[in-house]
Amino acid sequence: MTKREDALDYHSRGRPGKIAVVPTKPLNNQRDLSLAYSPGVAEPCLAIKDNPDDVYKYTAKGNLVAVVTNGTAVLGLGNIGALAGKPVMEGKANLFKQFSDLDVFDLEVGSENPDDVIKFCQLLEPTVGGINLEDIKAPECFYIEETLRRTMGIPVFHDDQHGTAIISGAALLNALEIAGKDIAQVKVVFSGAGAAAISTAEHYVRLGVKRENILMCDRAGVIYEGRAEGHMDPYKARFIAQTAARTVADALVGADVFVGLSVAGAGARSMVAAMAARPIIFALANPDPEITPEEILATRDDAIIATGRSDYPNQVNNVLGFPFIFRGALDVRATEINEEMKMAATRALALLAKQDVPDAVAALYGLRNVHFGADYLIPFPFDPRVLLWVAPAVAWAAVASGVAREFIDLEGYREQLEGRLGRARGFMRGLINRAMRDPKRIVFPEGEEPKIMRAASILVDDGIAYPILLGNPATIQRIAAEHRISLEGIAIDDPATSPRRDEYAHYMWQLRQRKGLSLDEARRQLFNGNYFGSCMVARGDADALLSGVTMHYPETIRPALQVIGAHPSAKLVSGMYMLVTERHVVFCADTTVNIDPTAEQVAQIAFAASRIARTMGIVPRIAMLSFSNFGSVKHPDAEKMARAAQILKERDPSLVVDGEMQADTAFDPEILMRDYPFNTLKEQANVLIFPNLSAGNIAYKLLHHLGGATAIGPILLGMRRPVHVLERGADVQDIVNMAAVAVVDAQERTQSVEPVFAAAGAAPTMFSRL
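Residues numbered from 1 in each chain as written. Predicted model: local features only at pLDDT ≥ 70, side-chain atom pairs only at ≥ 80, totals over all residues. Heavy atoms only, no water.

1. Brief notes about empty space enclosed by the protein
Worth spelling out the cut-off: Here a cavity denotes a set of grid points, spaced 1 Å apart and computed over the protein atoms alone, in which a 1.4 Å probe fits but from which it cannot get out, and a pocket denotes an open set meeting protein on both sides within 12 Å along at least five of seven lines; residues with an atom within 4 Å of a point are reported as lining. Grid points are joined across faces, edges and corners, and a volume is the space filled by probe spheres set on the points. Amino acids outside the nonpolar list (Ala, Val, Leu, Ile, Met, Phe, Trp, Tyr, Cys, Pro) and the charged list (Asp, Glu, Lys, Arg) are all regarded as polar, and Gly is one of them.
All told, the structure shown has 2 cavities of 30 Å³ or more when counted by the stated rule. Quantified by volume, the second largest cavity comes out at close to 40 Å³. Forming the walls of the second largest cavity are Tyr56, Gly129, Pro155, Ala329, Leu330, Arg333, Ala334 and Arg405. By residue class, the composition of the lining of the second largest cavity is 5 nonpolar, 1 polar and 2 charged.

2. Remarks on the pairing of strand E14 (residues 544-547)
Which entries qualify depends on this criterion: Three exposure classes are used, based on accessible area relative to the maximum for each residue type with a 1.4 Å probe and protein chains only: buried under 20%, partly exposed in between, and exposed over 50%. Helical segments are the DSSP runs of H or I of at least four residues, strand segments are the runs of E of at least two, and each set is numbered from the N terminus. Pairing between strands requires that DSSP locate at least two bridges from one strand to the other.
What you see with E14 is no split at all: Ala544 and Leu546 on one side and Leu545 and Ser547 on the other are buried throughout. Across 2 bridges, strand E11 (residues 440-444) lies against E14 in parallel orientation. Bridge assignment links Ile442 to a residue of E14, and that residue is Ala544. Where E14 lies against strand E21 (residues 723-725), 3 bridges are found, and the strand directions are parallel. Paired with Ser547 across the two strands is Val725, which belongs to E21.

3. Let's talk about the sheet that holds strand E4 (residues 156-158)
Stated precisely, the cut-off is as follows: Inter-axis angles, ranging from 0 to 180 degrees, are taken between N-to-C directions of lines fitted to C-alpha atoms, where helices are fitted over the stretch in contact. Two residues qualify as a contact provided that any one of their heavy atoms is within 4.5 Å of a heavy atom in the partner residue.
Pairing in this open sheet of 4 strands is parallel, and the strands run E2-E1-E3-E4 from one edge to the other. Unpaired on one side and paired on the other, strand E2 (103-108) and E4 mark the two borders of the sheet. Taking the axes of each pair of neighbouring strands and ignoring which way they run, one obtains an average angle of 20° across the sheet. As paired elements, strand E1 (residues 64-69) and E2 share 6 bridges and run parallel to each other. Bridge pairing links Val65 to Val104 in E2. Each of strand E3 (130-133) and E4 touches helix H8 (residues 159-179); the most contacted strand, E4, lies at about 75° to it.

4. Examining the environment of Met719
Locating Met719 in the fold gives a position in the loop between strand E20 (710-717) and E21. With relative accessibility at 1%, the residue Met719 sits in the buried group. Remark: the alpha-carbon pair of Met719 and Lys137, spanning 582 residues in sequence, is separated by 67 Å. Ignoring anything within four residues of it in the chain, the contact list for Met719 reads Ala560, Leu561, Ile564, Gly565, Ala566, His567, Val573 and Arg749.

5. Focus on the nonpolar core
The following threshold applies: Joining through side-chain atoms within 4.5 Å is the link that ties buried Ala, Val, Leu, Ile, Met, Phe, Trp, Tyr and Cys residues into a set, and such a set is a nonpolar core.
Formed by 98 residues in total, the largest nonpolar core has its most connected members in Ile131, Phe190 and Phe282. Look past the residues within four positions of Phe190 in its chain and what remains in contact with it is Ala197, Thr200, Ala201, Tyr204, Ile214, Leu215, Met216, Cys217, Val259 and Leu261. In terms of nonpolar packing, the next biggest core, distinct from the first, is built from 68 residues, Ile464, Phe587, Ala589 and Val743 among them.

6. Comments concerning the pairing of strand E5 (residues 188-191)
Every regular strand shows the same layout, with side chains that alternate between the two sheet faces. Selection criterion: Whether a crossover is right-handed depends on one test, that the path from the first strand over the helix to the second runs clockwise when the strands point away from the viewer.
The side-chain alternation of E5 yields two buried faces, one formed by Val188 and Phe190 and the other by Val189 and Ser191. Note: E5 against strand E6 (residues 214-218), 4 bridges, orientation parallel. Residue pairing across strands places Val189 opposite Leu215, the latter belonging to E6. Between E5 and its parallel partner E6, the chain crosses via helix H9 (residues 195-207), and the hand of that crossover is right-handed. Alignment of E5 against strand E8 (residues 257-260), held across 4 bridges, turns out to be parallel. Within E8, the position partnered with Val189 by the bridge is Phe258.

7. A look at the packing of aromatic side chains
Let me state the cut-off plainly: Stacked, tilted and edge-to-face pairs are distinguished by plane angle, under 30 degrees for stacked and over 60 for edge-to-face with tilted covering the rest, among Phe, Tyr and Trp rings (Trp via its six-membered ring) whose centres lie within 6.5 Å.
Overall, the coordinates contain 14 aromatic pairs when judged by the stated rule. Between Phe99 and Phe324 the ring centres are 6.4 Å apart and the planes differ by 85°, which places this aromatic pair in the edge-to-face class. On the criterion of sequence distance, the pair formed by Phe99 in helix H5 (residues 86-100) and Phe324 in helix H13 (residues 322-331) is long-range, its members being 225 residues apart. Assessed through its relative accessible area of 12%, Phe99 is described here as buried. Judged by its relative accessible area of 1%, Phe324 falls in the buried class. Residues Phe630 and Tyr676 carry aromatic rings whose centres are separated by 5.0 Å and whose planes lie at 45° to one another, so their mutual orientation is tilted. Of this pair, Phe630 sits in the loop between strand E17 (621-625) and helix H26 (636-651) while Tyr676 sits in the loop between helix H28 (669-675) and strand E19 (687-689), and the two are 46 residues apart along the sequence.

8. Some remarks on a nonpolar patch on the surface
Let me state the cut-off plainly: Two joining distances apply to patches: 9 Å for like charges and 5 Å for nonpolar side chains (Val, Leu, Ile, Met, Phe, Trp, Tyr), and every residue must have over 30% relative accessible area and no salt bridge. A 1.4 Å probe and the Shrake-Rupley method give the accessible areas. Residues count as covered only by the protein chains that appear here. For this document, the term salt bridge refers to a Lys or Arg side-chain nitrogen within 4 Å of an Asp or Glu carboxyl oxygen.
Taken together, the side chains of Leu27, Leu33 and Tyr37 define a hydrophobic patch exposed on the protein surface, amounting to about 340 Å² of accessible area. Position of Leu33 relative to the elements: it lies in helix H2 (residues 30-36). The exposure class of Leu33 is partly exposed, given its relative accessible area of 39%.

9. Notes on helix H23 (residues 529-538)
Side chains three or four residues apart in an α-helix point the same way, a direct result of the helix having 3.6 residues per turn. Convention followed: We define a polar contact as two N or O atoms separated by no more than 3.5 Å, with the added condition that, inside protein, one atom must be a possible hydrogen donor and the other a possible acceptor, whereas residues neighbouring each other in sequence contribute only through side-chain atom pairs.
Across the 10 residues that make up H23, a large majority, 10, are buried. Listing the buried residues of H23 in full gives Gly529, Asn530, Tyr531, Phe532, Gly533, Ser534, Cys535, Met536, Val537 and Ala538. A distance of 2.8 Å separates the backbone nitrogen of Asn530 from a side-chain oxygen at the start of H23, and that oxygen is part of Asn528. At the C-terminal side of H23, Gly540 shows a positive phi close to 85°.

10. What to know about the confidence of the model for the chain
Just so we agree on the cut-off: Known as pLDDT, the predictor's per-residue confidence is scaled from 0 to 100.
Looking at the chain, pLDDT values average 89 and 94% of them are 70 or higher. Confidence scores differ between elements of the chain, with helix H15 (residues 359-364) showing the lowest mean pLDDT of 65 and helix H6 (residues 114-123) the highest of 98.

11. Points about the pattern of salt bridges
Applying the stated criterion across every chain, the model contains 38 salt bridges. For the salt bridge of Arg211 with Glu202, the shortest nitrogen-to-oxygen distance reads 2.8 Å. The buried category is assigned to Glu202, whose relative accessible area is 11%. The partner of Lys649 in a salt bridge is Asp658, and the shortest N-O contact between them spans 3.5 Å. For Asp658, a relative accessible area of 6% gives the class buried. When salt bridges that share partners are traced, they join Arg149, Arg206, Glu336, Glu339 and Lys342 into one network.

12. What about the packing of helix H14 (residues 339-352) against helix H16 (residues 385-400)?
This is how it is decided: The labels follow the angle: roughly parallel below 35 degrees, roughly antiparallel above 145, roughly perpendicular from 65 to 115, and oblique for the rest. By definition, turning the near helix anticlockwise from the far helix through less than a right angle yields a left-handed crossing, and turning it clockwise yields a right-handed one.
Put simply, H14 and H16 touch, their axes get as near as 8 Å, and they point 150° apart. Taken as axis vectors, H14 and H16 run roughly antiparallel relative to one another. The two elements H14 and H16 meet at a crossing, and its hand is right-handed. In this structure, H14 contributes Glu340, Met341, Ala344, Ala345, Ala348, Leu349, Leu351 and Leu352 to the contact, and H16 contributes Arg385, Val386, Trp389, Val390, Ala393, Val394, Ala397 and Ala398. Broken down by class, the residue content of the contact of H14 with H16 amounts to 14 nonpolar, no polar and 2 charged.

13. Some points on the sheet that holds strand E10 (residues 304-307)
Sheet strands pair via backbone hydrogen bonds, and the direction of the pair is either parallel or antiparallel. If you trace the 6 strands from one edge of the open sheet to the other, you get E7-E6-E5-E8-E9-E10, paired in mixed fashion. Either end of the sheet is taken by a strand with one partner, and the two such strands are strand E7 (221-222) and E10. The pairing of E8 with strand E9 (residues 280-283) spans 4 bridges and is parallel. Across the sheet, Val259 pairs through a bridge with Phe282, a residue of E9. Of the strands in this sheet, E8, E9 and E10 touch H8, which is tilted by about 155° from E9.

Dropping the structure here:
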């Protein structure tokens, strides 16, 4: 339970409130000032005067939403006024920004007259790309939204009405599927007849519920034909029913679905007990539901339950809707948010819930092995995939229904959205798209691990790779069934019984017989999936190997080094991580293999890392890192890095490389150009080469854990064939990302000959005794 003092401290700490305006253009000198304001600002003004559509080109209008309230129905607080409602509107603004990268002005209107609110919003049209109405009481909210939608040319959306309708509609579709019920036949009862209830009922009708199968209850009871008690407005009147039921309890007898949008305690165990078999109960009052899941389950164990709370399964949270609906609407410059767009959002959410849940998302909720079912009807609010599913669905529905002023390419649009989620996802999306063009066979020695199975299923579904799982087929099938993982399209091979065992044993024996390996020992080693998988790659029965999620690094890499080995042109294996932040993609090497490489070996490591950077579509700028800047300290370690830079320049003059230099110098072009104008980098380095394993390993882990960088790796450089290692405990998305790296690596090797780089001799490594 949130404490009052904690909430007050949260809002008052540091700069008061939850939002701020952040400039998107520099304002550092007189020139910037003259461009941002007078006289330069006159030019975009005149351009917009001549062509009003240029406002989307020269201003923030296309990414700006107004959140408007008059404070007459704030959360569960009632009519507390516009001023007191401001913290809620700031919170709404924060959610828009965090979930969909939309900017917001929160605007609190000091009037309860609906015509004042309407006029205020109409006057905002030149300023914002859309309007989110919030916390305005019924029935005035219906009149306000209807009038604004009719008179304005930008999207207007009352979230209190439609948000709950859209998200609970997705939960309803999936709950009915699990319960095996026909939407056209179910009987639905609503407790509550406010804005959310009426809009939700209308949305359910569009989804397929028959209007005559809906009973709506307000404070006076069931809304029935001829009722004299209680207030009746034209919006409630749409749900006048011919029925003998007079109370919520009467209405719930034999009902299939209960939707609570009223107050805590409005439901009772006896009411739940009277419902039909496999009832669907959405108790959505906040902060306390009409009836708690504990009370429901104490009465019957066949109910499918959703609430508005995060501490129970199936949270119907409006944050699953409004950020992404507006994102899609504004990105196609829609003139309104129509019923087709709302329906598209509902169906996208329902479909996303049936996809595998990334481990990282489930972990946010302290869960594991989450899958579609009675306890997972709709996606989690913090699932980043919601943006990638809902916004494109809404945008395309706007185009298809004729209210969009811009056309979108769906695939390109998804990539754009991933860029909004952060550089890591956008970068990986490009890599995954590349892998999908020519999928390769990837062998997973840890085939009995559920994470590997789930990742393999995603690889098949997305067309990234052709996975091969190693392990006992019966065990794999049993574990997959337990975790509800589809094995369709996934190959399985058992190292214990494979017809390739004898061939591989002889191959290993011939390879290592002069290193003490007997034929019988080779046969025994092949029970280890890493040896068997390495043989598959070495013999051409697989294109790449990916392993390590349940093993320590040496256990994973040793078999690959013994069976596959280094590429003849390299004779040196090293390890690299890609570190991806909001603004940068940086390649770090060596981070996992060579303890204290020589200058020749450092140069070779840098060359291999630069080649991977090019493979990923990035022009490498290589910094040889040290504690010294260009000879400022005379020490063998610093001189080694300077020598490595010189070796690499001589062997490949096309590469941009310099050093030795300190890390801050490598990342600050101002330092580079001011203090060292002779340097060849000129810009920020993106390939960082460390003088030894201690420095590299420590640095990448600090950047990952303290700097918040997404770490992709370790990527093995210099292997004869593609072998890559997973971090121990990696989640499903990490495995998918590394599989894409392995596929792209395999693609490169089939398209070109490995560049020759002179052998540098054997470096002391973690595996020198192999």
